[in-house]
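Fold and contact review
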Amino acid sequence: MQDKTLRQNIIDELEFEPSIDAADIGVAVENGVVTLTGHVPAYTQKTTIEATVRRIRGVRGIAEEIEVRPRGSHVTADDVVAQRAVNALKWHEIVPDEKLQVTVSKGWLTLTGAVEWQYQRDAAMHAIKGLAGITGISNLIEVVPKVSAPDVKKRIEDAFKRDAEIEADAIKVHVQDGKVTLEGKVKAYRERQAAERAAWSAAGVRHVDDRITVL
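Residues numbered from 1 in each chain as written. Predicted model: local features only at pLDDT ≥ 70, side-chain atom pairs only at ≥ 80, totals over all residues. Heavy atoms only, no water.

An unreviewed UniProt entry lists the protein under the name Periplasmic protein, with Martelella mediterranea DSM 17316 given as the organism.

Right, here's the structure in full:
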C-alpha cells in the first residue's frame, strides 16, 4: 500500500471513531511507519488514537508524539490525582494494590512496585488511565517471575498455536531471566501485535523484545 493511501485511510478512520476528537491530530506516513502529532484533551483519547491506528491494514510501526492538553484553565492538583489513582487501584479486584506505589508530578503519573503476572500490571494501567487530570503515565511495575524459562517458552508457543491470527511456525521464541525475544517474519502488523500480546500473557514475563519483521 502506498504511504499516501495509508495516510488517508488513517485520517478517515480517526474521523469515523466517535470517541476521538481528531481535529488537532497530525498524521505522517513513511514506508508504512506512522507518526502521530498534535494534542488531545484527555489521556484516554491519546491511547484510543494509537489503538485505532494500530489495527489499520498496512501500518508497520507507530511513532506517537501526541500531547495531552486538558481544556480550560483548571489543572487538577497532583495530590488529588494521586489519591484518585490510589482509590482506583484499591477498587480493582485483580490489582494487588498493597504492592504498588503511585507518584504524580505535573499530572504525569508513575506506577512502581511488583506483581506476579503481566495481566495484573495491565489491570493497574487500565484502572487509572481514564482518571481526570492525568497528562501521561509511566508504568514501571515489575513482573517478578516464579516459573522456569522453558515453561514460559512452552506457554507462549502454545498460545501462538491457539491464536488464529498467528502463524506459529514463523515466529521463534527465546526466554532468559524473564525476558522474551520474538523473531521471525509475519504478513501483517496486527499479527505482530497478536504475538506480542500472547508473549506478555505468560506468567513470569518481565520484558518482551519484539524483533518480528512485517513483510
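Structure shown, so let's carry the discussion forward.
It is the contact of helix α5 (residues 149-162) with helix α6 (residues 189-200), at a shortest axis distance of 9 Å, that shows an interaxial angle of 140°. Viewed along their axes, α5 and α6 adopt a mutual orientation that is oblique. Regarding α5 and α6, the two cross each other, and that crossing is right-handed. In this structure, α5 uses Ile156, Ala159 and Phe160 to contact α6, whose residues at the interface are Ala195, Ala198 and Ala199. Among the residues forming the contact of α5 with α6, the class breakdown is six nonpolar, no polar and no charged. (Axes fitted to C-alpha atoms, helices over the stretch in contact; angles between N-to-C directions. Helix = DSSP H or I, 4+ residues; strand = E, 2+ residues; numbered from the N terminus. Parallel < 35°, antiparallel > 145°, perpendicular 65-115°, else oblique. Left-handed = near helix turned anticlockwise from the far one by under 90°. Contact = heavy atoms within 4.5 Å. Nonpolar A, V, L, I, M, F, W, Y, C, P; charged D, E, K, R; others polar.)

When you line up the elements, Ala77 lands in the loop between β4 (67-68) and α3 (78-91). Look at Ala77 and you get partly exposed, because its relative accessible area is 37%. (Buried < 20%, exposed > 50% of the residue type's maximum accessible area, 1.4 Å probe, protein only.)

Here we take up the domain arrangement of the protein. By domain assignment, the protein separates into domain 1 (3-68), domain 2 (78-143) and domain 3 (149-214). Using only C-alpha atoms to locate each centre, domain 2 and domain 3 end up separated by 26 Å. The interface of domain 2 with domain 3 comprises five residues on the first partner and six residues on the second. Between domain 2 and domain 3 the total buried area reaches about 500 Å² when both faces are included, carbon and sulfur atoms providing 52% of it. The interface formed by domain 2 and domain 3 holds one salt bridge in total. The salt bridge involving Arg206 is made with Glu142; its shortest N-O contact spans 2.8 Å. Across the domain 2-domain 3 interface, the total number found is two residue pairs in polar contact (both at pLDDT 80 or more). (Domains from an automatic or database assignment. Buried area = accessible area lost by both parts, 1.4 Å probe. Salt bridge = Lys/Arg side-chain N within 4 Å of Asp/Glu carboxyl O. Polar contact = N/O pair within 3.5 Å; in protein donor to acceptor, adjacent residues only side chain to side chain.)

Right, let's get into the packing of helix α1 (residues 3-16) against helix α2 (residues 43-54). Close contact between α1 and α2 brings their axes to 10 Å; oriented N to C, the two are set at 135°. Here α2 runs oblique to α1, going by the angle between their axes. Once α1 is placed against α2, the crossing between them reads as right-handed. Where α1 approaches α2, its residues Ile10, Glu13 and Leu14 are matched on the opposing element by Ile49, Thr52 and Val53.

Bringing the UniProt feature "domain: BON" (unreviewed entry) in the protein into the picture now. Mapped onto the present numbering, the UniProt feature "domain: BON" (unreviewed entry) falls at residues 2-70, 77-145 and 148-215. Annotated as 38% helix and 29% strand, the span residues 2-70 places its first and last C-alpha atoms 35 Å apart. Secondary structure across residues 148-215 comprises 38% helix and 32% strand; the distance between its end C-alpha atoms is 33 Å. (UniProt positions renumbered as here; feature names shortened; annotations may be inferred.)

One ladder, built from four bridges, connects strand β2 (residues 33-40) with strand β3 (residues 61-64); its direction is parallel. Across the sheet, Val34 pairs through a bridge with Ile62, a residue of β3. You can see the chain leave β2, run along α2 and come back into β3, and the turn it takes is right-handed. (Pairing = 2+ DSSP bridges. Right-handed = clockwise from strand over helix to strand, strands pointing away.)

With that settled, consider the packing of aromatic side chains. Any two aromatic rings considered together are summarised by their centre-to-centre distance and by the angle between their planes. Applying the stated criterion across every chain yields a total of one aromatic pair. Taking the centre distance of 5.8 Å and the plane angle of 45° together, the rings of Trp117 and Tyr119 count as tilted. Taking the relative accessible area as the measure of exposure, Tyr119 reaches 43% and is therefore partly exposed. (Phe/Tyr/Trp six-rings, centres within 6.5 Å; stacked < 30°, edge-to-face > 60°.)

Let's shift gears to the sheet that holds strand β10 (residues 179-186). Ordered in space as β9-β10-β11, the three strands form an open sheet in which the pairing is mixed. This sheet does not close on itself; its edge strands, each paired only once, are β9 (171-176) and β11 (207-214). Neighbour to neighbour, the strand axes of the sheet diverge by 10° on average, direction disregarded. Sheet analysis places β9 next to β10, joined by six bridges and oriented antiparallel. In the strand pairing of β10, His174 is matched with Thr181. Along the sheet, α5 makes contact with β9 and β10, crossing β9 at roughly 155°. Of the strands in this sheet, β9, β10 and β11 touch α6, which is tilted by about 160° from β11.

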